[in-house]
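Residues per chain are reported as follows:
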Amino acid sequence: MPAASEEDWDDWVAARTPRPDPADEPPPDTYWFVGGPLDGRVRTRPAEQEAPAVVRHVHLHGGPKIVHHYDLYEVAGHGGEYRLREE
């Protein structure tokens, strides 16, 4: 019997290594932006990561910078809405 090559060994190990079941992973949290320049944008993040309570968006252009703040409002389930702060 010929000796197994390193490549054969890698294939053998890969075939016998249990793969994680995607169904075991929680779905990502979804966050919607409402109002202002980010209106309609959707972002996701892993469910185990805590979302920031405030998102600051800075718009840079030829004139002065424009800053908008979005506050997080939790939504039932996974995720929430970032609503434009009325300042």
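You'll find the structure just up there.
Residues numbered from 1 in each chain as written. Predicted model: local features only at pLDDT ≥ 70, side-chain atom pairs only at ≥ 80, totals over all residues. Heavy atoms only, no water.

Caption draft 1: Broad picture of the pairing of strand 1 (residues 29–34). With 4 bridges joining them, strand 1 and strand 2 (residues 42–45) adopt antiparallel strand pairing. Across the sheet, residue T30 finds its bridge partner in strand 2, namely T44. Inspection of the sheet shows strand 1 paired to strand 5 (residues 79–84) by 5 bridges, in the parallel sense. Note on strand 5: the bridge partner recorded for F33 is Y82. (Pairing = 2+ DSSP bridges. Helix = DSSP H or I, 4+ residues; strand = E, 2+ residues; numbered from the N terminus.)

Caption draft 2: Quick look at the sheet that holds strand 2. Spatially, 2-1-5-4-3 is the arrangement adopted by the 5 strands of the open sheet, whose pairing is mixed. Strand pairing shows two members of the sheet lacking a second neighbour, strand 2 and strand 3 (54–59), which therefore form its edges. Neighbouring strand axes in the sheet, compared pairwise and without regard to direction, differ in orientation by 25° on average. As judged from the 6 bridges shared by strand 3 and strand 4 (residues 66–74), these two strands associate in the antiparallel manner. Across the sheet, the residue bridging to V54 is D71, located in strand 4. (Axes fitted to C-alpha atoms, helices over the stretch in contact; angles between N-to-C directions.)

Caption draft 3: Region of interest: the pairing of strand 4. In textbook terms, the turn of a hairpin is the stretch between consecutive antiparallel strands, and for strand 3 and strand 4 this stretch comprises 6 residues. In terms of strand pairing, strand 4 meets strand 5 through 5 bridges, oriented antiparallel. By the bridge assignment for strand 5, D71 is matched with R83. Between the antiparallel neighbours strand 4 and strand 5 lie 4 residues, among them G77 with a positive phi of about 100°.

Caption draft 4: Spatial organisation of the nonpolar core. The biggest cluster of nonpolar side chains holds 8 residues, and these are Y31, F33, L38, A51, V55, Y70, L72 and Y82. Elements with a contribution of two residues or more to this core: strand 1 and strand 4. Excluding residues within four positions of it along the chain, F33 makes contact with L38, D39, G40, R41, R43, V55, Y70 and Y82. (Core = buried A, V, L, I, M, F, W, Y, C linked by side-chain atoms within 4.5 Å. Buried < 20%, exposed > 50% of the residue type's maximum accessible area, 1.4 Å probe, protein only. Contact = heavy atoms within 4.5 Å.)

Caption draft 5: Summary view of the packing of aromatic side chains. Inspection of every chain in the model, using the stated rule, returns 3 aromatic pairs. Geometrically, the ring pair formed by F33 and Y70 is edge-to-face, given 5.4 Å between the ring centres and 85° between the ring planes. With F33 in strand 1 and Y70 in strand 4, this residue pair connects regions lying 37 residues apart in the sequence. Judged by relative accessible area, which is 9%, F33 ranks as buried. Through pairs of rings, three or more aromatic residues link up here, namely Y31, F33, Y70 and Y82. Lying over the aromatic face of Y73, R83 brings its terminal NZ or CZ to 4.2 Å of the ring centre. (Phe/Tyr/Trp six-rings, centres within 6.5 Å; stacked < 30°, edge-to-face > 60°. Lys NZ or Arg CZ within 6 Å of the ring centre and 35° of its normal.)

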